[in-house]
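Architecture and fold: a report
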Amino acid sequence: MARLEMRRRCTWRIFQSIEYAGEQDHLRLNRFFDYLMTYFTPSSSKERDFLNRILSEPEMTKDPKLEKSSTYESVVVPDSYMGPRLSFPLLPDHATVLLEAFKQEQHLHAHYVLRLLHETQKYLTQLPNITSISTCCSKEITVCGDLHGQLNDLFLIFYKNGLPSPQKPYVFNGDFVDRGKWSIEVLIILFAFLLIYPKEVHLNRGNHEDYMINLRYGFTKEVIRKYKILSPLTQKRKNSKVELYGSKFGRSSLLRGSDSSNKTALSQQLQDSIQAEQEMCRRLAGNNPSLVSSATTAEVGVRSCESVHFEEDDIQQVIDILWSDPIPQNGCQMNQERGGGCYFGPDVTKEILQKHGLQFIIRSHECKPDGYEVCHDRKVITVFSASNYYTEGSNRGAYLKLGPDLNPHIIQYQANKAARKLTMTQRISLVEESAYLVLKEKVFAHRSQLIAAFKGFDKTNTGMITLDDWAKALESVLQLGLPWRMLRAQLVSHLISRKLDYKLWLKQIVTEQWSSTEERLQSSLLENIYRNLSNLETVFSIIDSDHSGLISHEEFHHTFRLFSSHMNIDISDENIEDLACSIDFNKDGNIDFNEFLEAFRLVRKPSL
């Protein structure tokens, strides 16, 4: 059992370290956009035009229909539509119809989605940032953590606990979308119940209720994939966006949709919003307990971008609220693993609770193996509701119930039926396999850097290094904070005189299969591109303003020139053109970015 537990902890650490490394990378990308807006001087009019496309709203088509306050009216539901239908104001039966339809994997027509967003926006704009919820003798409040687009978890919560109702109030504590395949359905269900039971359903914002995060982690792609062909409105409006604003500890305060009638104001608003978030990312919390004190009181006002600019203190507090994590040690320090927010210790929690007359804090934001975690002398409770978050069997989900006595009661579950039947050994072995595959892909993406690090320890150029030096080199390059020597049994299969042939090890650990680009471009460039695929996908999503999935050779060229410094890639114009030609498979002058991603996809080496 002890060995199994150690394997489980190592596996968990792999997943968590790589997840947090991706978040650090995302915040670095934010700072890259900040650099473009603040310091970069375009070298030509074409480059300037290209930057304007990235940093401002595209030109909107003038259409009288789009100028109506209710844009859903522009989308007609055809008689042939066989999915669920809604009428407003919504009733409990509408929510039941939606749940049954989504269980059958039906889609809600774009007309109803837009109407639902319109009504939700009207409701949310009337609310304060902070909501007080009371319990009474006949009621328990249910608190759900991160769902991340995992519809089966939401179904299971409703099955075990009951649907939202006047007798069954719910708080959904942010991070509704991204990563999972059913983010839009989860959001539709939550918005529907919010409108049906506004006094009993409460939505808080997480760090994934954010436009740039959604571009990177899947929600934007999901919406485009599911609703682009249903709604001509989305094609006309091109880069229209929906954002949720609020607070993880406070209240969802605003659901904002772009209004096509004022392009200039929107362009400035977008730049102000992005620049504010970049400033927020730069000013990460230092060793100052007062930052956490102000952040966790939930007294920060998250205000509408339409009317008020963020002030620096507000911005800092918002990112601290949305990105911070508790730690066992006293004090407050920079959250280096995530790259944003703070770590706060039990002394900080105690100070906050005493200052504001609170008993404890319920927060989410962190995946936990058991679906929850209690720390800081039981004064901080983390609730995470997305089971199997990293892979099948990786974790349970949980939700929390509070009665009048405010004693938290935690319910755990496993939404995957197959995972429920696995023994502990089978589950750990299955999760291990996925974790080490992800880790090997990370090793591949840094091959050239690892070779250089290994050679630094190989003073006599024998091609052999000790396991200690192997572990030091891996950590110096990957910086994942992993116990590499403990992982040796899974990563290193063969030693010679207790030393490792590092070139052979790198060759064996991952086999890559590329398209014809491999014949044209040097290995280090391929690794850099692979290492930055998520960043590139985010940037290309912004450039592809009509959501066609296509960008021109010229746009591709400008992107790589601007992005090369961010990725530390030394790439010539000839290399860029060769790369563009290699992945323009039908030679029509446009690049299908999905094909671009496929061209750099890593596949596993088949067993011999």
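All of these numbers come straight from a predicted model, not from anything done at the bench.

**Some words on the overall build of the chain**
Helix and strand counts for the chain stand at 25 helices and 17 strands. A burial count over the chain gives 56% of its 608 residues as buried. Taking the contacts inside the chain whose residues are at least 6 apart along the sequence as the reference set, 72% of them involve residues at least 24 apart. Element-wise, carbon and sulfur atoms account for 49% of the exposed surface of the chain, whose accessible area totals about 27,700 Å².

**As for the sheet that holds strand β7 (residues 332-334)**
Strand order in the open sheet made by the three strands is β6-β8-β7, with mixed pairing throughout. Since the sheet does not close on itself, it has two edges, and those belong to β6 (325-326) and β7, each with one partner. As defined by bridge partners, β7 adjoins strand β8 (residues 342-344) across three bridges and the pair is classed as antiparallel. Along β8, the bridge assignment pairs M334 with C342.

**A short note on the sheet that holds strand β1 (residues 141-144)**
Pairing within the open sheet is mixed, and its five strands lie in the order β3-β2-β1-β12-β13. Either end of the sheet is taken by a strand with one partner, and the two such strands are β3 (201-203) and β13 (409-413). Sheet twist, expressed as the average angle between the axes of neighbouring strands with direction ignored, equals 20°. Pairing geometry for β1 and strand β2 (residues 170-172), over three bridges, is parallel. Counterpart to V143 in the pairing with β2 is V171. Of the strands in this sheet, β1, β2, β12 (397-402) and β13 touch helix α5 (residues 151-161), which is tilted by about 125° from β13. Across the sheet, helix α6 (residues 183-196) lies against β2 and β3, angled at about 130° from β3, the strand it touches most.

**Considering the pairing of β12**
Extensive coverage of β12 is indicated by the burial of six of its six residues. Both faces of β12 are covered, namely the face carrying G397, Y399 and K401 and the face carrying A398, L400 and L402. In terms of strand pairing, β1 meets β12 through four bridges, oriented antiparallel. Among the inter-strand pairings, I141 is bridged to a residue of β12, identified as L402. Bridge analysis of β12 against β13 gives five bridges, and the strand direction is antiparallel. Directly across from G397, in β13, lies its bridge partner Y413. A loop of six residues connects β12 with β13, the two strands running antiparallel in sequence, and L406 in this loop sits at a positive phi of about 60°.

**Concerning unusual backbone geometry**
The step from F88 to P89 runs through a cis peptide bond, and the omega angle for that step is 5°. Take P89: it is sitting in the loop between α2 (45-55) and α3 (92-103). A positive phi angle is found at R179, which is not glycine, with a value near 75°. The topology assignment puts R179 in the loop between β2 and α6. Owing to a relative accessible area of 34%, R179 belongs among the partly exposed residues under this scheme.

**Section: helix α8 (residues 219-227)**
Along α8, the positions that sit buried rather than exposed are F219, T220, E222, K226 and Y227. Considered in projection along α8, the buried side chains sweep an arc of 160° and stay on one side of the axis.

**A word on a positive patch on the surface**
Taken together, K160, K417, R420 and K421 make up a surface patch of like positive charges. Here K160 lies in helix α5. A relative accessible area of 43% means that K160 is categorised as partly exposed.

The rules behind each value
Residues numbered from 1 in each chain as written. Predicted model: local features only at pLDDT ≥ 70, side-chain atom pairs only at ≥ 80, totals over all residues. Heavy atoms only, no water. Helix = DSSP H or I, 4+ residues; strand = E, 2+ residues; numbered from the N terminus. Buried < 20%, exposed > 50% of the residue type's maximum accessible area, 1.4 Å probe, protein only. Contact = heavy atoms within 4.5 Å. Areas by Shrake-Rupley, 256 points an atom, 1.4 Å probe, with all protein chains shown as cover. Pairing = 2+ DSSP bridges. Axes fitted to C-alpha atoms, helices over the stretch in contact; angles between N-to-C directions. Arc of directions from axis to C-beta. Patch = residues over 30% accessible without salt bridge, like charges linked within 9 Å, V, L, I, M, F, W, Y side chains within 5 Å. Salt bridge = Lys/Arg side-chain N within 4 Å of Asp/Glu carboxyl O. Lys, Arg positive; Asp, Glu negative; His and termini not counted. Charge placed at Lys NZ, Arg CZ, Asp CG, Glu CD.

All we've got here are geometric facts, nothing functional implied.
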